[in-house]
Amino acid sequence: MENLQPKVRIENLIKIYGENPRLALQMFREGKSRDHIRQAIGHVVGIANVSLTINQGELFVVMGLSGSGKSTLIRCINRLNDPTSGHIYIDDEDIAHVEEKRLREIRLLKISMVFQNFGLFPHKTVAENVEYGLKVRGTDKTSRHQKALEILETVGLTAWASYLPASLSGGMQQRVGLARALATDAEILLMDEPFSALDPLIRREMQEELLRLQKQLHKTIVFISHDIHEALKLGDRIAVMKDGSIIQIATPEELVTNPTDDYIRAFIQDVNRAQVIKTGTIARQIVPLILGEDNDPSAALKQMLHYDCNDMYIVDRDGKPVGTVNRKTLETAISQGRDDISQLMQTHFPQVNASTRLENTFHLCQQGLPIAVVDGEGFFKGVVEQSDVLVNILTMPN
Ligand SMILES: Nc1ncnc2c1ncn2[C@@H]1O[C@H](COP(=O)(O)OP(=O)(O)OP(=O)(O)O)[C@@H](O)[C@H]1O
């Protein structure tokens, strides 16, 4: 992501549950362990000194096993849980220390929380349900109805606007709930395991729906999940929690390629890495030959020897790949005194976008040539060899 703008900044957050959190806080600061504090005075350190920044427009997943502190963390962001110590800045305003009145305004205007069952009102129509968030924010009737219809169209439920939720299937009701959360003007969405009660098929549908809507809406989303596959699919970044602390914050790719410890490794051991790693990440950066400029076969051969490759890419003057040249072909051409590379070029070659996951690059390996990796505009970014693809799919990181 470019131009990262912090939206939520958490600094040294500590949340302790119990009668006397100050005493427990003191013990914690003296270096007593979470277990020790629980055994000694029965207090639970829910969040044990967490700092992190969530950027504007980011879908930030908080993942961890049951009891690791995910809900506690997300509930501190809108102060459903009062932090014991630390700061939570939302747009540079410390929500941990604002007065009640301002807190209510922030909750109303900036933050929307989505729970597991979405809690639709059974006696309100689908449209009225979607409008609800806007209604409590004081949006007038015409505008909120208009907005509700727009968002219902986005989730493909326009025809159901005047029905009661009970007339819709479970999956459709979930979509209404999601539409309601997204229809509010809240810039920050806190989603606490919203899809975990759904059957796998609907769950996948909802995940895709969320990703699709997020592309249009660019909300800042904090999404809790205990499912690594969901986290990897949805998250721009993922924070992995354990015992109230954050063990690693990383992009999905970093997490599967560079886990920091055994706890993370255990999480990712069953992950299909090919579905996560982008081809661009493993591309080798090489300087290709430029058509019309690098015409000398001997110089080209030298370049190939430098990279120790058998096939070299040729790009046009804009930097887009146009073909490859083979080492043997070059050697033969040199021995025959031929000197124009464009005559030796093979114009059929495999090409893939840098953001393509390895699982969709795999089939290109069969062509026997290194694969040209290009960016969104088609400019040459590097190559991947068949062996690069296989090694990255098959090898677990250390
Ligand atoms: N109201 C509470 N009173 C006392 N302890 C609590 C309270 N809420 C949470 N805890 C404790 O804080 C720790 C973190 O709980 P939290 O609910 O944040 O974890 P979680 O990762 O969201 O778990 P789950 O996935 O099961 O919802 C746990 O040890 C839990 O027992």
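Please read all numbers here as calculations on a predicted model, not as lab measurements.

Engineer: Mind showing me how you'd approach the overall build of the chain here?
Structural biologist: Along its length, the chain carries 16 helices and 16 strands. Counting only C-alpha atoms, the chain reaches 85 × 60 × 35 Å along its principal axes. A separation of at least 24 residues holds for 66% of the contacts in the chain among residues at least 6 apart in sequence.

Engineer: Looking at this structure, I do not really get unusual backbone geometry. What am I missing?
Structural biologist: Comment: phi is negative for the bulk of residues other than glycine, and the bulk of peptide bonds are trans. Here Asn 12, not a glycine, exhibits a phi torsion of approximately 50°, which is positive. Relative to the assigned elements, Asn 12 resides in strand 1 (residues 6-17). Unusually for a residue other than glycine, Asp 243 sits at a positive phi of about 50°. Looking at where Asp 243 falls in the secondary structure, it is placed in the loop between strand 9 (237-242) and strand 10 (245-250). Residue class for Asp 243 comes out partly exposed when judged on the 17 C-beta atoms lying within 10 Å of it.

Engineer: Is there a simple way to explain the sheet that holds strand 8 (residues 220-225) in this structure?
Structural biologist: Working definition: the strands of a sheet are paired by backbone hydrogen bonds and lie parallel or antiparallel to each other. Ordered by their spatial adjacency, six strands build an open sheet running 6-7-8-3-9-10, and the pairing between neighbours is mixed. The open sheet has two edge strands with one neighbour each: strand 6 (111-114) and strand 10. With direction set aside, neighbouring strand axes in the sheet form an average angle of 20°. In terms of strand pairing, strand 3 (residues 59-64) meets strand 8 through five bridges, oriented parallel. Each bridged residue has a counterpart across the sheet, and for Val 61 the counterpart in strand 8 is Phe 223.

Engineer: When you look at helix 13 (residues 297-307) in this model, what are you seeing that I'm missing?
Structural biologist: Note on helix geometry: an α-helix contains 3.6 residues per turn, so any two residues three or four positions apart are oriented the same way. Among all positions of helix 13, only Pro 297, Ala 300 and Met 304 are buried. Across the axial projection of helix 13, the buried residues extend over an arc of 60°, all falling on one side. Along helix 13, exposed side chains directed more than 90 degrees from the buried face belong to Ser 298, Ala 299, Lys 302, Leu 305 and His 306. Packing partners of the buried residues in helix 13 comprise strand 11 (289-290), strand 12 (311-315), strand 13 (321-326), helix 14 (327-335) and helix 15 (341-344). Looking one or two residues past helix 13, Asp 308 carries a phi angle of roughly 55°, positive in sign.

Engineer: Whenever I open this one, the packing of helix 7 (residues 170-183) against helix 8 (residues 200-217) confuses me. Can you help?
Structural biologist: For any two helices packed against each other, the geometry comes down to the angle between their axes and how far apart the axes lie. For the pair helix 7 and helix 8, the least separation of the axes is 11 Å and the interaxial angle reads 25°. Between helix 7 and helix 8, the crossing angle belongs to the class labelled roughly parallel. For helix 7 against helix 8, the interelement crossing comes out right-handed. Of the residues in helix 8, those in contact with Gly 170, Gly 171, Gln 174, Arg 175, Leu 178 and Leu 182 of helix 7 are Ile 202, Glu 205, Met 206, Glu 209, Leu 210, Leu 213 and Leu 217. Grouping the amino acids of the contact of helix 7 with helix 8 by side-chain chemistry returns seven nonpolar, three polar and three charged.

Engineer: Which parts of the structure should I look at to understand the site of the ligand?
Structural biologist: Taken together, Tyr 17, Val 44, Gly 46, Gly 64, Ser 66, Gly 67, Ser 68, Gly 69, Lys 70, Ser 71, Thr 72 and His 226 make up the full set of residues adjacent to the ligand. Where the shell around the ligand is concerned, the elements lending two or more residues are strand 2 (44-55) and helix 3 (70-77). The dominant element in the shell around the ligand, judged by the number of residues it contributes, is helix 3, at three residues. Among the residues forming the shell around the ligand, the class breakdown is two nonpolar, nine polar and one charged.

Engineer: Please clarify how the sheet that holds strand 2 should be interpreted in this entry.
Structural biologist: What the four strands build is an open sheet, ordered 2-1-4-5; its pairing is antiparallel. Both outer strands of the open sheet, strand 2 and strand 5 (93-94), are each paired with one neighbouring strand and no more. Pairing of strand 1 with strand 2, which is carried by nine bridges, proceeds in the antiparallel orientation. Bridge pairing in strand 2 places Lys 15 opposite Ile 47.

Engineer: Help me understand the pairing of strand 12, please; the structure alone is not making it clear to me.
Structural biologist: Put simply, side chains in a regular strand alternate between the two faces of the sheet. Of all five residues that make up strand 12, four are buried, and the element is covered over most of its length. Where strand 11 and strand 12 come together, two bridges link them in parallel fashion. Residue pairing across strands places Leu 289 opposite Ile 314, the latter belonging to strand 12. Bridge count for strand 12 against strand 13 is five bridges, and the pairing is antiparallel. Residue Asp 311 lies in a different strand from strand 13, and its bridge partner there is Asn 326. Where strand 12 folds back onto strand 13 in an antiparallel hairpin, the turn is made up of five residues, including Gly 319, whose phi is positive at roughly 100°.

Cut-offs and rules
- Residues numbered from 1 in each chain as written.
- Predicted model: local features only at pLDDT ≥ 70, side-chain atom pairs only at ≥ 80, totals over all residues.
- Helix = DSSP H or I, 4+ residues; strand = E, 2+ residues; numbered from the N terminus.
- Contact = placed C-beta atoms within 7 Å.
- Buried ≥ 20, exposed ≤ 12 C-beta atoms within 10 Å, placed from the backbone.
- Pairing = 2+ DSSP bridges.
- Axes fitted to C-alpha atoms, helices over the stretch in contact; angles between N-to-C directions.
- Arc of directions from axis to C-beta.
- Parallel < 35°, antiparallel > 145°, perpendicular 65-115°, else oblique.
- Left-handed = near helix turned anticlockwise from the far one by under 90°.
- Nonpolar A, V, L, I, M, F, W, Y, C, P; charged D, E, K, R; others polar.
- Near = placed C-beta within 6 Å.

Scope: geometric values only; no functional claims are made or implied.
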